[in-house]
Number of protein chains: 2
Amino acid sequence: MTLKAHRLISGARVVAYPAPDTGPSLAREIAAGSIAAGAEEIPMIVPMRTDRFPAQEVYADAAERIAARLAAGEDVVCLCEGDPFFYGSFMYLFARLVDRFRIEVVPGVSSLGACAAALRRPLTARNDVLTVIPAPLPDAALRARIEGAQAVAIMKLGRHLGRVRRLLDELGLTVQAGYVERASLGAEAVRPLSEAPDPAPYFSMILLYKGDDPWLS
Amino acid sequence: MTLKAHRLISGARVVAYPAPDTGPSLAREIAAGSIAAGAEEIPMIVPMRTDRFPAQEVYADAAERIAARLAAGEDVVCLCEGDPFFYGSFMYLFARLVDRFRIEVVPGVSSLGACAAALRRPLTARNDVLTVIPAPLPDAALRARIEGAQAVAIMKLGRHLGRVRRLLDELGLTVQAGYVERASLGAEAVRPLSEAPDPAPYFSMILLYKGDDPWLS
C-alpha cells in the first residue's frame with residue numbers, strides 16, 4: 001500500500017470495498033491496519049464468478065450507496081486490490097459517479113510488479129514490448145498473442161491453468177515460464193509451471209520472457 | 001511510495017540511487033523525506049541518453065560499490081522510480097549482485113497506473129489484452145503492434161513523439177489517445193495528443209483504448 005493510500009484510508013470516515021459473497025474481503029484485510037476505529041463501512045458484495053463479471057447491478061447499487069454518503073457531504077474512500085485501473089472493478093464505480101462527484105484515483109502497486117518481484121525476474125526491459133494476456137481468451141487468440149509477443153504476463157489463470165500450460169508446452173515455452181500465486185500476500189508461492197495447481201488460485205500469474213537475457217545485454 | 005519502501009528507506013544507513021550527469025536525482029528527490037539524516041549515499045551517475053542505455057560500465061561500477069558496503073555487513077537500499085522490474089535499470093544491478101548477496105525486490109507503483117489515474121481512464125478491462133510499446137521501435141513494428149492491440153500504452157516518447165503522433169493520425173486513432181507527462185510528479189500535465197510537445201519529456205505516455213467503452217459493458 002502507498003503512503004498516500006494509507007493517509008487517505010486512515011482519515012476516512014466512510015470506507016467502501018469489494019467483498020465476496022462468502023468469506024472476508026481481501027481488500028479490507030489488506031487495509032485493516034489503516035482503517036480508523038468507528039469508520040462506517042460499505043461492503044460491495046461481488047459474486048466471485050470470474051466469467052460473469054462485471055456484475056453491473058452490484059456496481060450500480062454500490063454506486064448509489066456511495067453517492068448517498070457523498071451527497072450528504074461525506075468523503076468516501078474505495079479500497080481496491082492492486083491498481084484501480086488495471087483490470088480493476090473500481091472503473092465501474094468511477095464511470096457511475098464521475099459526472100456527479102469529484103473523484104481522485106490513487107494508483108497502486110499492480111500484480112504485474114508484485115509477481116515480477118516474487119519471481120525475481122524482470123517484466124520487460126529495454127525496448128521490448130510487454131503483452132498482458134487474460135487466460136480466459138480462446139485458444140487461438142491465446143496462442144497468437146503469445147507467439148507474437150516478447151515479454152508476456154498471463155493473468156486470470158484460475159480454471160484456465162491447464163489449458164494455458166498445454167499451450168505453452170506445445171509452443172516449447174514452458175521452460176521460460178515462471179508461475180506465481182498470491183504474490184505479496186501471506187500465502188505467496190513460486191512454483192515451476194509443471195507443478196502449478198489446476199485450477200490455479202484466482203490470484204496467480206505466468207510471466208514469460210522470450211527475448212535474450214534482459215539483464216546483461 | 002509504498003509503506004514498505006518508506007520503512008526500508010528510513011531504516012537504511014546506505015542508500016543508492018540513479019542520478020543524471022547533470023542536475024538532481026529524481027529518485028532521491030522523491031524519497032528525500034524518507035532518507036535518514038546522516039545516511040551514506042551512493043549516487044549512480046547514468047548518462048541520460050535513452051538510446052545508449054544500458055550503460056553497462058555504470059552499473060558494473062555501481063554494483064561493485066554496493067557490493068563493498070554489503071560485504072562490510074551493511075544493508076543497502078537502492079531507490080528506483082516506478083517499479084524496479086518494469087523497464088527499470090535496477091535489473092542490471094540485480095543481475096550483478098543476486099548470486100553473491102541476498103536481495104529483496106520491493107514492487108512499486110509503475111508509470112502505467114500513474115498515467116491511467118492522471119488521464120482518468122482505465123488501462124485495460126475485462127479480458128482485453130494490454131500491450132505496452134516503447135516508442136523507439138521502428139515505424140513498421142510500432143504500426144503492427146498498435147494495429148494488433150486492444151488497450152495500448154506507448155512509453156519512452158521523448159523525441160519519438162512526432163513520429164508516434166503521425167502514425168496514430170494515419171491509423172485514425174488520435175481521438176482515442178490520451179497523453180500525459182510527468183504523471184504523479186509536481187509538473188504532471190494531461191493534454192490532447194495534438195498539443196503534446198515535440199520532443200516530449202522523458203516521462204510521458206500515450207494511452208489508447210481501441211475496444212468498446214470499458215466502463216459500462
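Residues numbered from 1 in each chain as written. Chains lettered and ligands numbered in written order. Predicted model: local features only at pLDDT ≥ 70, side-chain atom pairs only at ≥ 80, totals over all residues. Heavy atoms only, no water.

### Looking at the pattern of salt bridges
Side-chain pairs of opposite charge can arise where the charged atoms are in close proximity. Using the following cut-off: Note on definitions: salt bridges are taken to be side-chain nitrogens of Lys or Arg within 4 Å of carboxyl oxygens of Asp or Glu. Here a strand is any run of E in DSSP of at least two residues, a helix any run of H or I of at least four, and the numbering for each starts at the N terminus. A simple rule labels every residue: compare its accessible area, found with a 1.4 Å probe on the protein chains alone, to the largest value its type can have, and call it buried under 20%, exposed over 50%, or partly exposed in between.
In total, this model carries 25 salt bridges over all chains according to the counting rule given. One salt bridge in this structure joins A:Glu181 and A:Arg191, with 2.9 Å as the shortest N-O distance. Residue A:Glu181 is found in strand β6 (residues 177-181), and its partner A:Arg191 is found in strand β7 (residues 189-192); the two are separated by 10 residues along the sequence. Assessed through its relative accessible area of 32%, A:Arg191 is described here as partly exposed. Here B:Arg126 and B:Asp128 are joined by a salt bridge, their closest N and O atoms 3.5 Å apart. Judged by relative accessible area, which is 10%, B:Asp128 ranks as buried. In this structure, a network of salt bridges that share partners links the residues A:Arg13, A:Glu40, A:Arg69 and A:Glu74.

### Here we look at a nonpolar patch on the surface
The criterion, for reference: Residues qualify for a patch when their relative accessible area is over 30% and they have no salt bridge, like charges being joined within 9 Å and the nonpolar side chains of Val, Leu, Ile, Met, Phe, Trp and Tyr within 5 Å. To be clear on the numbers: accessible area is Shrake-Rupley with a 1.4 Å probe, and residue cover counts the displayed protein chains and nothing else.
Among the surface-exposed residues, A:Met1, A:Leu3, A:Ile30, B:Met1, B:Leu3 and B:Ile30 lie close enough to one another that they form a single nonpolar patch of about 450 Å² accessible area. Here A:Met1 shows up in the segment before α1 (3-10).

### Quick notes on the domain arrangement of chain A
Put simply, an interface is often sized by how much accessible area is lost when its parts join up. Residues and elements named next belong to chain A. Rule in force here: Where each domain starts and ends comes from a domain assignment, either automatic or drawn from a database. Pairs of residues are marked as contacts when any of their non-hydrogen atoms sit within 4.5 Å. Computed with a 1.4 Å rolling probe, the buried area is the accessible surface lost when two parts are put together, summed over both parts.
By domain assignment, chain A separates into domain 1 (3-97) and domain 2 (111-209). With centres defined by C-alpha atoms, the gap from domain 1 to domain 2 works out at 28 Å. The interface of domain 1 with domain 2 comprises seven residues on the first partner and 11 residues on the second. Interface of domain 1 and domain 2: buried area, both sides summed, is about 750 Å²; carbon and sulfur atoms make up 72% of it.

### Some points on the packing of aromatic side chains
What describes a pair of aromatic rings is the distance from one ring centre to the other and the angle between the planes of the rings. Residues and elements named next belong to chain B. Where we set the bar: Note on aromatic pairs: the rings of Phe, Tyr and Trp (six-membered ring only in Trp) are paired at centre separations within 6.5 Å, and the planes decide the class, stacked below 30 degrees, edge-to-face beyond 60, tilted for the rest.
The tally for this structure, following the rule as stated, stands at 12 aromatic pairs over all chains. Summarising the aromatic geometry, the rings of Tyr59 and Tyr92 are spaced 5.2 Å apart at their centres and angled 35° between planes, so their arrangement reads as tilted. Taken together, the residues Tyr59 in helix α3 (residues 56-71) and Tyr92 in helix α4 (residues 90-97) connect sequence positions 33 residues apart. One exposure class covers both Tyr59 and Tyr92, and it is buried.

### Describing the side chain of A:Ser110
Residue and element names in this part refer to chain A. Structurally, Ser110 can be placed in the loop between α4 (90-97) and α5 (111-119). Residue Ser110 is classed as buried on the basis of its relative accessible area of 12%. Not counting the four nearest positions on each side in its chain, Ser110 is found in contact with Gly82, Asp83 and Phe86.

### As for the interface of chain B and chain A
Using the following cut-off: We define a polar contact as two N or O atoms separated by no more than 3.5 Å, with the added condition that, inside protein, one atom must be a possible hydrogen donor and the other a possible acceptor, whereas residues neighbouring each other in sequence contribute only through side-chain atom pairs. In short, DSSP must find at least two bridges between two strands for them to pair.
With 53 residues of chain B at the interface, the matching set in chain A holds 52 residues. Summing both sides of the interface, chain B and chain A together bury roughly 4,300 Å²; the carbon and sulfur share of this comes to 64%. If you look at where chain B meets chain A, you find 16 residue pairs in polar contact (both at pLDDT 80 or more). Counting residues per element, the ones that place at least two in the side of chain B that touches chain A are α1 (3-10), α4, α5 (111-119) and β4 (130-134) of chain B. Where strand β4 (residues 130-134) of chain A and β4(B) come together, three bridges link them in antiparallel fashion. Directly across from A:Leu130, in β4(B), lies its bridge partner B:Val132.

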